[in-house]
Amino acid sequence: VDLNSIKDVEKELKLSIGFGKVDQNALEVLRSEKVLTDAYEDMSKSLSKELNNVIKLAYQQPEIFTIDKIVDEMKTVSDDEEYRLRRIARTETQRVSTLARQNSYLKADKEGRFLYKWLSVPDARRTELCKTLSEESQDGLSMRELKKRGHELSKQFGFKPHDWTFHVNCRS
């Protein structure tokens, strides 16, 4: 998550997305239990549940909400490879965060008149998918159009989209 971009969005929309404090929208998303289930291929249900609990704890205690600290906590419940745990932590926190932002936006934009941009970090790690979606949405798209285009690009680039997470390791 690019916190500077989030601050700009919060200022522009005059609403708080909730980073840096207990994110009630993220907790609401996490309560559904459906959000984090398919990230853990080849893991037991009990281990995936324990890893989910680590991610939930990060949202309940924002002072530990860094990928490094989340991965350290995950290591206490799993002996899986650090790279895999880091990928799960990054992908799943991004997934929860984007769903929480969606909830915030839907509450603020009940009529569906807002236009949205896909904000991606313009660095060497940015994927072509996120770069393309950022460029295509620079003038703003409806939420439905943005999500639909993200899913189309995800499939075009060989990924399996989930909600607003268009590829693993996404930071947008």
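Okay, so let's go over this structure. Source: prediction; values computed, not measured.

What counts as what
- Numbering of residues starts from 1 in each chain and follows the order in which that chain's sequence is written.
- The model is predicted, so local features are restricted to residues of pLDDT at least 70 and side-chain atom pairs to those at 80 or more, both for listing and for counting; the totals for chains, interfaces and linings are taken over all residues.
- Excluding hydrogens and water, the side-chain values take into account all heavy atoms of the structure.
- Salt-bridge detection follows one rule: a side-chain nitrogen of Lys or Arg within 4 Å of a carboxyl oxygen of Asp or Glu.
- Segments assigned H or I by DSSP are reported as helices when at least four residues long, segments assigned E as strands when at least two residues long, and all are numbered from the N terminus.
- Only protein chains enter the area calculation, which uses a 1.4 Å probe; residues under 20% of their type maximum are buried, those over 50% are exposed, and those in between are partly exposed.
- A helix is expected to reach a length of 1.5 Å times the quantity of its residues less one.
- It is the directions from the helix axis to the C-beta atoms whose arc is reported.
- It only takes one pair of heavy atoms within 4.5 Å for two residues to be counted as in contact.
- Whenever a helix is involved, its axis is fitted only over the stretch in contact; in every case the axis is a line through C-alpha atoms, and angles between N-to-C directions fall within 0 to 180 degrees.
- Reported orientations rely on four angle classes, namely roughly parallel under 35 degrees, roughly antiparallel over 145, roughly perpendicular from 65 to 115, and oblique for the rest.
- The handedness criterion is simple: a crossing whose near helix is rotated anticlockwise from the far helix by less than a right angle is left-handed, and one whose near helix is rotated clockwise is right-handed.
- Following the grouping adopted for this structure description, the nonpolar residues are Ala, Val, Leu, Ile, Met, Phe, Trp, Tyr, Cys and Pro, the charged ones are Asp, Glu, Lys and Arg, and the polar ones are all others, Gly among them.

### Some words on the pattern of salt bridges
Stage number 1. This model, assessed by the stated rule, comprises 6 salt bridges.
Stage number 2. Of the charged contacts in the structure, one is a salt bridge between Arg-95 and Glu-92, with a shortest N-O distance of 3.9 Å. Taken together, the residues Arg-95 and Glu-92, both in helix 5 (residues 82-108) and 3 residues apart, mark about one turn of the helix.
Stage number 3. A relative accessible area of 7% places Arg-95 in the buried class.
Stage number 4. Take Glu-92: its relative accessible area is 2%, and that puts it in the buried class.

### A short note on helix 7 (residues 143-156)
Stage number 1. The first and last C-alpha atoms of helix 7 sit 20 Å apart over 14 residues, in line with the 20 Å expected at 1.5 Å per residue.
Stage number 2. Listed as buried for helix 7 are Met-143, Leu-146, Gly-150, Leu-153 and Ser-154. Axial view of helix 7: buried residues confined to an arc of 105°, hence all on one face. Exposed side chains of helix 7 directed beyond 90 degrees from the buried face belong to Arg-144, Lys-155 and Gln-156.
Stage number 3. For helix 7, the elements touching its buried residues are helix 5 and helix 6 (128-136).

### Points about the packing of helix 4 (residues 67-77) against helix 5
Stage number 1. For the pair helix 4 and helix 5, interaxial distance at closest approach is 9 Å and the crossing angle is 125°. Between helix 4 and helix 5, the crossing angle belongs to the class labelled oblique. Here the hand of the crossing between helix 4 and helix 5 comes out right-handed. Residues Ile-67, Asp-68, Ile-70, Val-71, Met-74 and Lys-75 of helix 4 form the contact with helix 5, whose participating residues are Glu-82, Leu-85, Arg-86, Ile-88, Ala-89, Arg-90 and Thr-93.
Stage number 2. Broken down by class, the residue content of the contact of helix 4 with helix 5 amounts to 7 nonpolar, 1 polar and 5 charged.

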